[in-house]
Amino acid sequence: QVQLVESGGGLVQAGGSLRLSCAASGSIFSINAMGWYRQAPGKQRELVATVDSGGSTNYADSVKGRFTISRDNAKTTVYLELNSLKPEDTAVYYCNIRARPNSARYVYAYWGQGTQVTVSS
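Here the structure is a predicted model, which means the values were calculated and not measured.

Cut-offs and rules
Once a new chain begins, its residue numbering starts again from 1 and follows that chain's sequence as written. Only residues with pLDDT of 70 or above have their local features reported here, since the model is predicted, and side-chain atom pairs are shown and tallied only from 80 upward, although totals for entire chains, interfaces and linings are computed over all residues. Hydrogen atoms and water are omitted, and side-chain values are computed over all heavy atoms in the structure. For two strands to be treated as a pair, DSSP must find no fewer than two bridges joining them. Strands are runs of DSSP state E lasting at least 2 residues, helices are runs of H or I lasting at least 4, and numbering of each runs from the N terminus. Whenever a helix is involved, its axis is fitted only over the stretch in contact; in every case the axis is a line through C-alpha atoms, and angles between N-to-C directions fall within 0 to 180 degrees.

Quick look at the sheet that holds strand S3 (residues 18-26) now. Strand order in the open sheet made by the four strands is S1-S3-S8-S7, with antiparallel pairing throughout. Here the strands that pair on one side only, and so sit at the sheet edges, are strand S1 (2-7) and strand S7 (67-71). Each neighbouring strand pair of the sheet contributes to a mean axis angle of 15°, computed without reference to strand direction. Where S7 lies against strand S8 (residues 77-82), five bridges are found, and the strand directions are antiparallel. For Phe67, the partnering residue across the bridge sits in S8 and is Leu82.

Below, the structure is given as structure tokens:
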């Protein structure tokens, strides 16, 4: 079993900042990549940012220069710093990891429960 626990969402005014965290635990042999996605009402889930096992990052164009993804040294927790927030950033943010469980041969995708980020104008 692999569990993801997210925290850090909330209500913030435009221009403000938030920090999201996602901690992975359970029977994990290795984590290949960690990332954040978001889904606004009436829209499809979209990629926000990812970080791979080597530390390389990837961002959606809409958040480049404003959001920063990072992971801790143990590589089991991923963070997302959200700065200069805009109303259009309002969404449920989901943590995602691609991990190989113990005693498994393959890598699987796991999702967190989601955390609401609301940006008021």
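What follows is about the pairing of strand S4 (residues 28-39). Examined bridge by bridge, S4 and strand S9 (residues 91-101) share 10 bridges and lie antiparallel to one another. Looking at the pairing, Ile28 lines up with Pro101 of S9. Pairing analysis gives six bridges linking S4 to strand S5 (residues 46-52), with the strands arranged antiparallel. Paired with Arg38 across the strands is Glu46, a residue of S5. Between S4 and S5, which pair antiparallel one after the other, the connecting turn spans six residues, and Gly42 there sits at a positive phi close to 80°.

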